[in-house]
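# Structural description and commentary
Here is what each chain is made of, one letter per residue.
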Amino acid sequence: MTQAISGRRVLIVEDESLVAMLLETILEDMGCVPVGPAATVDEGLQMATGDEPLDAALLDVNVAGRQVFPIAEALKARGVPFVFSTGYGEGGLPDEWRGQSTLQKPFTESAVRDALMKAMGLADV
């Protein structure tokens, strides 16, 4: 099951350095290539709109006091699937983003894998 996700380039937008390092480790363990992490919305937006190929993204909803939705819009425009991560679950998202793949913090490695695979259409999770 993890082979389908191996080699995928996944952008991380997360301002908490320990969480960002955990996500990098989880992605590397799954065989993914972590991109970033971006610790600010501006940095994440630069990575999301740049020329760098991205297969998916993990987006912390609240990054250094700013909402991550401009990055989500940019990724959506590029056709890059993404997963929100938040301590509030999907209920903490504005109406227009409900239904988007969401990871509840704290998360497990299997939850990250399942959410990414679902977002990328690689599994019926």
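Anyway, here's the lowdown on the structure attached to this text.

About the thresholds
Residues numbered from 1 in each chain as written. Predicted model: local features only at pLDDT ≥ 70, side-chain atom pairs only at ≥ 80, totals over all residues. Heavy atoms only, no water. Salt bridge = Lys/Arg side-chain N within 4 Å of Asp/Glu carboxyl O. Helix = DSSP H or I, 4+ residues; strand = E, 2+ residues; numbered from the N terminus. Buried < 20%, exposed > 50% of the residue type's maximum accessible area, 1.4 Å probe, protein only. Contact = heavy atoms within 4.5 Å. Polar contact = N/O pair within 3.5 Å; in protein donor to acceptor, adjacent residues only side chain to side chain. Core = buried A, V, L, I, M, F, W, Y, C linked by side-chain atoms within 4.5 Å.

## Overview of the pattern of salt bridges
- Overall, the coordinates contain six salt bridges when judged by the stated rule.
- Measuring nitrogen to oxygen at the nearest pair gives 3.1 Å for the salt bridge that ties E14 to K105. Of this pair, E14 sits in the loop between β1 (9–13) and α1 (17–29) while K105 sits in the loop between β7 (102–104) and α4 (109–119), and the two are 91 residues apart along the sequence.
- In this structure, the salt-bridge partner of D114 is R113, at a minimum N-O distance of 3.5 Å.

## Section: α4
- Looking only at α4, the buried set comprises V112, A115, L116 and M117.
- For α4, the secondary structure elements touched by its buried residues are β1, α1, β3 (56–60), β6 (82–86) and β7.
- G121 occupies a position one or two residues after α4 and carries a positive phi of about 70°.

## A look at the side chain of T86
- Take T86: it is sitting in strand β6.
- A polar atom in the side chain of T86 sits 3.0 Å from the backbone nitrogen of Y88.
- If sequence neighbours within four positions are ignored, T86 has contacts with V61, T102, L103, Q104 and K105.

## Brief notes about the nonpolar core
- Of all hydrophobic cores here, the largest spans 22 residues; its most connected members are V13, L59, V68, I71, L75, F82 and F84.
- Only β1, β2 (33–38), α2 (41–49), β3, α3 (69–78) and β6 provide two or more residues apiece to this core.
- Sort the elements by how many residues they give to this core and α3 lands first, with five residues.
- If you look at the next biggest cluster of nonpolar residues, it comprises 18 residues, including I5, V10, L23 and C32.

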